[in-house]
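The primary structure of each chain is shown beneath.
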Amino acid sequence: GEFSSDLRQQRWRWRRWAKRLTTNPYVQQCMALVVLFDAYCNCSDIDARAQGDQVNPTLHVAAGLCLVLYAIELGLILFWQGSVALKDWIFLLDVGVILCGFTEI
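Residues numbered from 1 in each chain as written. Predicted model: local features only at pLDDT ≥ 70, side-chain atom pairs only at ≥ 80, totals over all residues. Heavy atoms only, no water.

Peer 1: Is there a simple way to think about the packing of helix α2 (residues 25-51) against helix α3 (residues 57-81) in this case?
Peer 2: The description of two helices packed together rests on the angle between their axes and the distance between the axes. Interhelical geometry of α2 versus α3 gives an angle of 145° and a closest axis separation of 9 Å. The handedness of the crossing between α2 and α3 is left-handed. When α2 is examined against α3, the residues M31, V34, V35, F37, D38, Y40, C41, N42 and S44 are found in contact with a partner set consisting of L59, A62, A63, C66, L69, Y70 and E73. Here the residues of the contact of α2 with α3 sort into twelve nonpolar, two polar and two charged. (Axes fitted to C-alpha atoms, helices over the stretch in contact; angles between N-to-C directions. Helix = DSSP H or I, 4+ residues; strand = E, 2+ residues; numbered from the N terminus. Left-handed = near helix turned anticlockwise from the far one by under 90°. Contact = heavy atoms within 4.5 Å. Nonpolar A, V, L, I, M, F, W, Y, C, P; charged D, E, K, R; others polar.)

Peer 1: Which parts of the structure should I look at to understand a nonpolar patch on the surface?
Peer 2: A surface patch of nonpolar side chains, about 470 Å² in accessible area, is lined by V68, L69, I72, F102 and I105. When you line up the elements, L69 lands in helix α3. (Patch = residues over 30% accessible without salt bridge, like charges linked within 9 Å, V, L, I, M, F, W, Y side chains within 5 Å. Areas by Shrake-Rupley, 256 points an atom, 1.4 Å probe, with all protein chains shown as cover. Salt bridge = Lys/Arg side-chain N within 4 Å of Asp/Glu carboxyl O.)

Peer 1: For this particular structure, what's the right way to read the packing of aromatic side chains?
Peer 2: Each aromatic ring pair is summarised here by two numbers: the centre-to-centre distance and the angle between the ring planes. Considering all chains together, one arrives at two aromatic pairs under this definition. Taking 5.7 Å as the distance between ring centres and 80° as the angle between the ring planes, the aromatic pair formed by W14 and W17 counts as edge-to-face. Here W14 pairs with W17, and both are found in helix α1 (residues 2-23), just three residues apart, close to one helical turn. In this structure W14 comes out as partly exposed when scored by relative accessible area, which is 49%. In this structure, R15 packs its charged tip against the face of F79, placed 5.6 Å from the ring centre. (Phe/Tyr/Trp six-rings, centres within 6.5 Å; stacked < 30°, edge-to-face > 60°. Buried < 20%, exposed > 50% of the residue type's maximum accessible area, 1.4 Å probe, protein only. Lys NZ or Arg CZ within 6 Å of the ring centre and 35° of its normal.)

Peer 1: Teacher, can you tell me more about the side chain of D45 here?
Peer 2: You can see D45 is positioned in helix α2. Assessed through its relative accessible area of 10%, D45 is described here as buried. Apart from residues no more than four positions distant in its own chain, D45 is found in contact with V55 and E104.

The following block contains the structure:
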């Protein structure tokens, strides 16, 4: 009835918002910067461990925040695309990378 129609409309609004957010060029550019910063954090971490130095805890926390941002972005993409996202090999690759990141923590 009316309740299910309202619920569908709410879900549609949230999906539209998620699509707008994840397809926004500014958000996509910011996420590209997050990827580059995360790569820097991970390279610094690897270098410090290879030299036997203490790992900078700030960079470790920053890399964790990058991972959370990736996970949120993929969750939003899955929310608005539904099962179609699971047919995209790049999406699946990103899921694998995120799962590896979380297992490292």
